[in-house]
Amino acid sequence: MRLEYQGESRWNSLGGSSLTNFVQATGALVGPGLPDVQWQPLPFYTFTALVRLPDAVGGSSEWYLTNGGKFWSLDRFGVAISAMNEVADLQLTRQNVTAYFRFWCAFTHAPKRYIVLDVKDPELAAEAHGETDPMLKGVMVEGYGPQGWLLSATVLCAGEVQRRYFRISAQGDVGALEGIMAMLPALMNRDRKVS
């Protein structure tokens, strides 16, 4: 099963002059029998969208950021995201900082890849919010201060399910707070001792 970023809103087909600009900028093959190029706005940037070019045979999609008619290919090192943070108006708020975190984790794999294990369905997320088991909670804003946002999230990293804490600066830099985490096996052992 192929895991791909789903985004925060509905995907729309790219068409008209935007599609023409995309083809000219990227050399993408489009047309009958090929998947539609799709886009969705990113809630933490102004006038910036994420563009997805699905693979015609079910492989991994190609991903681009677009702003002002230009297209930047997303890489696994976060270079395009860092560049967009300089060019576009990044506006992180309590309502969208979790969306930015999911986006950053989906497209930045170095030095470590964090796969966010999250419940995004509003009804299920409301139920998970009241959970006492921290591993079942989704991405949560823990606080805000001069250094930026503090988030906690259940992630898959290096083959282990962990509850990690992350700091996100106002400029969009994401960093894991090392030494502050809970691993699933440790929590399971703790629960067994209590029983």
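Remember, it's a predicted structure, so these values are computed and weren't measured experimentally.

Definitions and cut-offs
Residues numbered from 1 in each chain as written. Predicted model: local features only at pLDDT ≥ 70, side-chain atom pairs only at ≥ 80, totals over all residues. Heavy atoms only, no water. Core = buried A, V, L, I, M, F, W, Y, C linked by side-chain atoms within 4.5 Å. Buried < 20%, exposed > 50% of the residue type's maximum accessible area, 1.4 Å probe, protein only. Helix = DSSP H or I, 4+ residues; strand = E, 2+ residues; numbered from the N terminus. Contact = heavy atoms within 4.5 Å. Pairing = 2+ DSSP bridges. Axes fitted to C-alpha atoms, helices over the stretch in contact; angles between N-to-C directions.

**Q** Would you mind showing me how to read the nonpolar core here?
**A** Counting 34 residues, the largest nonpolar core has Phe44, Tyr45, Leu50, Tyr100, Phe101, Phe103 and Ile168 as its most contacted members. For this core, the secondary-structure elements that each account for two or more residues are β4 (62-67), α2 (79-87), α3 (97-107), β8 (148-157) and β9 (160-168). When residues of this core are assigned to their parent elements, the largest contribution, 8 residues, is made by α3. Leave out the neighbours within four places in its chain, and phenylalanine 103 touches Tyr5, Leu42, Phe44, Tyr45, Leu50, Leu65 and Ile81. Formed by 8 residues, the second largest nonpolar core is a distinct cluster that contains Leu14, Phe22, Leu53 and Phe71.

**Q** Got a minute to help me understand α3 in this structure?
**A** Counting along an α-helix, one turn takes 3.6 residues, and residues three or four places apart therefore face a common direction. Of all 11 residues in α3, 10 are buried; the element is thus mostly enclosed. Of all the residues in α3, the buried ones are Val97, Thr98, Ala99, Tyr100, Phe101, Arg102, Phe103, Trp104, Cys105 and Phe107.

**Q** What's the story with the sheet that holds strand β3 (residues 48-53) in this structure? I'm lost.
**A** Two strands in a sheet stick together by hydrogen bonds in their backbones, pointing the same way (parallel) or opposite ways (antiparallel). Read from one edge to the other, the open sheet built from 5 strands follows the order β1-β2-β3-β4-β5, with strand pairing classed as antiparallel. Strands at the two margins of the open sheet, each flanked by one partner only, are β1 (12-13) and β5 (70-73). In this structure, strand β2 (residues 38-41) lies alongside β3, joined through 4 bridges in antiparallel fashion. In the sheet register, glutamine 40 faces β3, and the bridge partner there is leucine 50. Running over the sheet, α2 touches β3, β4 and β5 and is turned about 10° from β4.

**Q** When you look at the side chain of threonine 108 in this model, what are you seeing that I'm missing?
**A** Position of threonine 108 relative to the elements: it lies in the loop between α3 and β6 (115-116). Leave out the neighbours within four places in its chain, and threonine 108 touches Arg76, Phe77, Gly78 and Ile81.

**Q** Please clarify how the pairing of β4 should be interpreted in this entry.
**A** Regular strands place side chains that alternate from one sheet face to the opposite one. Here β4 lies mainly inside the structure; 5 of its 6 residues are buried. Inspection of the sheet shows β3 paired to β4 by 6 bridges, in the antiparallel sense. By the bridge assignment for β4, leucine 50 is matched with leucine 65. Pairing geometry for β4 and β5, over 4 bridges, is antiparallel. Directly across from leucine 65, in β5, lies its bridge partner tryptophan 72. In this structure, the hairpin formed by β4 and β5 is closed by a connection of 2 residues, where glycine 68 is found at a positive phi of approximately 65°.

**Q** Help me out: how do you make sense of the environment of glycine 175 in this one?
**A** Within the secondary structure layout, glycine 175 lies in strand β10 (residues 174-183). Sequence separation between glycine 175 and tyrosine 165 is 10 residues; the distance between their C-alpha atoms is 8.7 Å. When sequence neighbours within four positions are dropped, the list of residues in contact with glycine 175 reads Tyr165, Phe166 and Arg167.

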